[in-house]
Amino acid sequence: MLTRTKEILTEAKKNHYGIVAPDFWDLNSARDYVQTAEELDAPILLSFAQAHKHLISLEEAAAVGKLMAASVKAPIALHLDHGEDFDYVKRAIELGFNSVMIDASMHDFEENVRLTKEAADFAHAHGVDIEAEIGHVGGTTESPTEMEEVETVYTTVEDAVKFAEKTGVDSLAVSIGTSHGVYKNNKNPELNFKRLKELSENVPVPLVLHGGSGTGDENLKRCVKEGITKVNVFTEFTVAARDCAAKVVREDENLKSYMKIQKAADEGIRNVLRHYINLLTK
Ligand code: 13P
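What comes next concerns the included structure.

A few words now on the packing of helix H8 (residues 217-225) against helix H10 (residues 258-280). Angle between the axes and distance between the axes: these two values describe a pair of packed helices. Here H8 crosses H10 at 45°, and the two axes come no closer than 10 Å. Classed by the angle they form, the pair H8 and H10 counts as oblique. The crossing of H8 and H10 is right-handed. Residue-level inspection shows Asp-217, Leu-220, Lys-221 and Val-224 of H8 in contact with H10, the latter providing His-275, Tyr-276, Leu-279 and Leu-280.

Around the ligand sit 15 residues in total, of which Asp-81, Gly-211, Ser-213, Phe-234 and Thr-235 are the nearest. Take His-180: an N or O atom from its side chain is 3.1 Å from an oxygen atom of the ligand. Gly-181 has a polar backbone atom sitting 3.1 Å from an oxygen atom of the ligand. Of all the elements in the fold, those that place two or more residues in the shell around the ligand are strand E3 (76-83) and strand E10 (228-233). Considered class by class, the residues forming the shell around the ligand number two nonpolar, ten polar and three charged.

Enumeration over the complete set of coordinates arrives at 16 salt bridges. A salt bridge links Arg-4 to Asp-129; its shortest N-O distance comes to 2.6 Å. One end of the pair, Arg-4, is in the segment before helix H1 (5-15); the other, Asp-129, is in strand E5 (residues 129-134), with 125 residues separating them in the sequence. Residue Asp-129 is classed as buried on the basis of its relative accessible area, which comes to 3%. Ionic pairing is found between Glu-267 and Arg-274, a salt bridge with its closest N-O pair at 2.9 Å.

Time to look at the packing of aromatic side chains. According to the stated counting rule, one finds five aromatic pairs in the structure shown. With 5.9 Å between their ring centres and 80° between their planes, Trp-25 and Phe-234 make a pair best called edge-to-face. Pair noted here: Trp-25 is in the loop between strand E1 (19-22) and helix H2 (27-40) and Phe-234 is in the loop between E10 and helix H9 (235-251), with a separation of 209 residues, a long-range link. For the pair Trp-25 and Phe-234, one class covers both residues: buried. The lysine or arginine in question, Lys-162, covers the ring of Phe-109, its NZ or CZ lying 5.0 Å from the ring centre. Arg-222 extends its terminal NZ or CZ atom over the ring of Phe-193, reaching a point 3.9 Å from the ring centre.

Another point: unusual backbone geometry. For His-16, which is not glycine, the phi dihedral falls at a positive 60°. If you trace the backbone, His-16 turns up in the loop between H1 and E1. Overall, the relative accessible area of 63% leaves His-16 in the exposed class. Phi is positive for His-82, close to 45°, though the residue is something other than glycine. Mapping His-82 onto the fold places it in strand E3. Given a relative accessible area of 14%, His-82 falls into the buried group.

Once that is clear, we can look at a negative patch on the surface. On the surface, a cluster of negative charge is contributed by Glu-84, Asp-85, Asp-87 and Glu-118. One can find Asp-85 in the loop between E3 and helix H4 (86-94).

It is worth spelling out the sheet that holds strand E8 (residues 171-174) at this point. With parallel pairing, eight strands are arranged side by side in an open sheet as E1-E10-E9-E8-E5-E4-E3-E2. Looking at which strands have only one partner, the edges of the open sheet turn out to be E1 and strand E2 (44-49). Taken over all neighbouring pairs, the strand axes of this sheet differ in orientation by 25° on average, direction set aside. When E1 meets E10, the two strands line up parallel, connected through four bridges. Bridging across to E10, Pro-22 finds its partner in Val-233. Sheet strands in contact with H2 are E1, E2 and E3, and its direction is about 170° off that of E2.

What counts and how
- Residues numbered from 1 in each chain as written.
- Predicted model: local features only at pLDDT ≥ 70, side-chain atom pairs only at ≥ 80, totals over all residues.
- Heavy atoms only, no water.
- Axes fitted to C-alpha atoms, helices over the stretch in contact; angles between N-to-C directions.
- Helix = DSSP H or I, 4+ residues; strand = E, 2+ residues; numbered from the N terminus.
- Parallel < 35°, antiparallel > 145°, perpendicular 65-115°, else oblique.
- Left-handed = near helix turned anticlockwise from the far one by under 90°.
- Contact = heavy atoms within 4.5 Å.
- Near = heavy atom within 4 Å.
- Polar contact = N/O pair within 3.5 Å; in protein donor to acceptor, adjacent residues only side chain to side chain.
- Nonpolar A, V, L, I, M, F, W, Y, C, P; charged D, E, K, R; others polar.
- Salt bridge = Lys/Arg side-chain N within 4 Å of Asp/Glu carboxyl O.
- Buried < 20%, exposed > 50% of the residue type's maximum accessible area, 1.4 Å probe, protein only.
- Phe/Tyr/Trp six-rings, centres within 6.5 Å; stacked < 30°, edge-to-face > 60°.
- Lys NZ or Arg CZ within 6 Å of the ring centre and 35° of its normal.
- Patch = residues over 30% accessible without salt bridge, like charges linked within 9 Å, V, L, I, M, F, W, Y side chains within 5 Å.
- Areas by Shrake-Rupley, 256 points an atom, 1.4 Å probe, with all protein chains shown as cover.
- Lys, Arg positive; Asp, Glu negative; His and termini not counted.
- Charge placed at Lys NZ, Arg CZ, Asp CG, Glu CD.
- Pairing = 2+ DSSP bridges.

Right, here's the structure in full:
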C-alpha cells in the first residue's frame, strides 16, 4: 500500500527498528522488493536513484513504483534517492513520489542549506517529505559512463543540528564511516558509533545511513540500535543478481531460456532483501 514516508519512519524511530531502502532499477527489481516486503509483512522505502535514469526514466520509475506499491498490503513509500538537482526533484514530486532526497552534500554548508531549503519548501508545499545529507558519504559510485571515487567527509553534530533547523528536512543522511559502492576492500568499515550516538541525541529527525552494502550485519544492527532509522542498500542486490545469473549459465549446459537466468537473478535479489529486513526491521 502506498504510504507516506513520514508515517513509516516515525513508527520505526519510535519503536527502534530500521527500514530498508533498496534502490530499484527496473520493473523486476521493484517487483522483487515489494513482494518480499509483502511476504515478510514489513514496510520498505522503495527507492529510485537519479543516477539510474539511464536505465529507466523517472516517469517509468514513478509508474512502476506506484503500481507495485498499490499491489500489496505492506506499507511501501516511493522515494527518490540522491536527487541531484531541483528540476529532477520537482518532477519526482509532481509524479507522485512520497519523498525525495536532494543531495547537495558535495557543496559547502551554506550552499547545501540553500539548495536543500529550496527543495524542502517545494516538497512540503506538495505534502511530500524530504531527506538531505550533511557530511558526505564517499566511496565508488557508478556513473552512467564510469566508476568514480568520491571522498568521505564525516558529519559533525554541530553542522547536523544547524542544518536540520535551517532546512526543515524530515530525515537526515549522516556520514559516520560507510561508503557507497562495489569496490570496498572486503572488510567491514570501522564506524564512528560515538558520533552516531551524539547525532541521534541531538538531531530530532530520523537519521539515514547510506552505503549499506558491505557494512556488515553487526555494524548495521548496532547502527539501528544507536539511532539510524533508514538504511540504504543497492550494490549488494546487483552483485547477487549477477552471481545468481552467472551460476545458472555456468551450471546448466543445456540452458535454452533467458527467463531462467532472469528468475535466478530475481531470487538472488529477494534473498538479499529478506536478509536485511529480518536483520533490521524485525
Ligand atoms: P550501497 O550501494 O553501498 O549499498 O549504497 C546504497 C546507497 O546508499 C544508495 O543511496
